[in-house]
Amino acid sequence: MSKLVRVLNVGRLEYDKCLKIQQHFLAQNLSQPDSNTLILVEHEPVYTIGLRKQTYPDEYLEKLKNLGAQVKKTDRGGLITFHGPGQLVAYPLLNLKNFKPSLRWYVSRLEETVIDLCQVNFDLKAYRMCSTGYTGVWCNDAKIAAIGIYAKRLVTYHGLSLNCDVDLKWFSNIVPCGITDKSVSSLSKIMNKKLGIKQIEPMLLNSFSRVFDCDLEIENEEQVQNLVNKLAG
């Protein structure tokens, strides 16, 4: 039997509101082992900080806030990164017992989803940098997709972000994911044309379905909006 993943596209939403939705489905999927969910979102400007041990001075975080972004500490892996308009964020809440019970495998499948998207739709060579210990996806020696995950009893949480036509200046205020010797780019910059989230969303879903070998059930817009209102206010 093919694995089924329920897809919710919540549109543009603040980080905390989307986090409440993630937490709802994390709890649901923990109690219902056959449940799998994929949330797509475009965040309002926010810098998020992961669990890896690095402290950021209060004055530095205040400076980031003064740029017009929120700053949030999270329970995902990794260091600091940016999410905002023009960046497609995917939060798969999957029970890996329905796929393969391995977080290393899961991270590689997230990376492969972006690599597949680039190859199939743009004939673009994207790649991992596993030998360096970095996670994510790279193209032309620049990072286009970041990954930060958490899992509870093999149910995944948080996920990946793909730069479509995001304003890259936001990244100049931080050292994204703690990587000092590489730059950040976007699909629009690499392809030298505007590639917005609406164009990339169906490509990502198709690649996700292929790479994770699953069927997708896309919730209609009204149902999703009712859920957002209920869970996130």
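Scroll up to find the structure.
None of the values given here were measured: they were computed from a predicted structure. Residue positions are given per chain, counting from 1 as you read along its sequence in written order. In keeping with the predicted nature of the model, local features appear solely for residues at pLDDT of at least 70, side-chain atom pairs appear and are counted solely at 80 or more, and the whole-chain, interface and lining totals rest on all residues. No hydrogens and no water enter the side-chain calculation; it runs on all heavy atoms of the structure.

**Student:** Looking at this structure, how should I read the packing of aromatic side chains?
**Tutor:** The way to describe two aromatic rings as a pair is by their centre distance and the angle between their planes. Side-chain rings of Phe, Tyr and Trp, where Trp is taken by its six-membered ring, are said to pair if the distance between their centres is within 6.5 Å; with planes under 30 degrees apart they count as stacked, over 60 as edge-to-face, and otherwise as tilted. Within this structure, the stated rule accounts for eleven aromatic pairs. An angle of 20 degrees between the planes, with centres 6.0 Å apart, marks the rings of Y56 and Y60 as stacked. Summarising the aromatic geometry, the rings of W105 and F212 are spaced 5.9 Å apart at their centres and angled 85 degrees between planes, so their arrangement reads as edge-to-face. Residue W105 is located in helix α3 (residues 103-122), and its partner F212 is located in helix α5 (residues 197-212); the two are separated by 107 residues in the primary sequence. The same class applies to W105 and to F212, which are both buried. Joined through ring pairs, the aromatic side chains of F99, W105, Y106, F208 and F212 make up one cluster. We count a stretch as a helix when DSSP gives it H or I for four or more residues in a row; a strand needs E for two or more, and each element gets its number in order from the N terminus. The cut-offs for exposure are 20% and 50% of the maximum accessible area for each residue type, with area from a 1.4 Å probe on protein chains only; residues under the lower value are buried, those over the upper are exposed, and the others partly exposed.

**Student:** Is there a simple way to explain α5 in this structure?
**Tutor:** Every α-helical turn comprises 3.6 residues, leaving residues that sit three or four positions apart pointing alike. A helix is expected to reach a length of 1.5 Å times the quantity of its residues less one. Between its first and last C-alpha, α5 extends 21 Å over 16 residues, near the 22 Å set by a 1.5 Å rise per residue. All of the buried residues in α5 are I197, I200, E201, M203, L204, L205, S207, F208, V211 and F212. Of the residues trailing α5, D213 is marked for its positive phi of about 50 degrees.

**Student:** What am I meant to see in the pairing of strand β10 (residues 155-163) here?
**Tutor:** Successive side chains on a regular strand alternate, one facing one side of the sheet and the next facing the other. Across the nine residues of β10, nine count as buried, placing the element largely inside the fold. One ladder, built from four bridges, connects strand β6 (residues 87-93) with β10; its direction is antiparallel. Residue pairing for β10: Q87 is matched across the bridge by N163. One ladder, built from eight bridges, connects strand β9 (residues 142-152) with β10; its direction is antiparallel. If you follow I147 over to β10, its bridge partner there is L160. Counted between consecutive antiparallel strands, the loop separating β9 from β10 contains two residues, among which R153 sits at a positive phi close to 50 degrees. Each pair of strands is called paired provided DSSP finds at least two bridges between the two strands.

**Student:** Would you explain the nonpolar core in this entry?
**Tutor:** The nonpolar side chains of a soluble globular protein tend to be buried, and buried together. Ranked by internal contacts, the top residues of the largest apolar core, which has 40 residues, are L117, I144, L162, L187, I200 and F212. Elements represented by at least two residues in this core include exactly β1 (3-13), β2 (37-43), β6, α3, β8 (134-139), β9, β10 and α5. Examining the composition of this core, we find that nine residues originate from one element, α3, more than from any other. For this analysis, residues touch if any pair of their heavy atoms sits within 4.5 Å. If we ignore the near neighbours within four places in the chain, the residues touching L187 are L117, C118, F122, L124, I144, L162, N163, C164, L195 and I200. The set of buried Ala, Val, Leu, Ile, Met, Phe, Trp, Tyr and Cys residues whose side-chain atoms join them within 4.5 Å is what this entry labels a nonpolar core.

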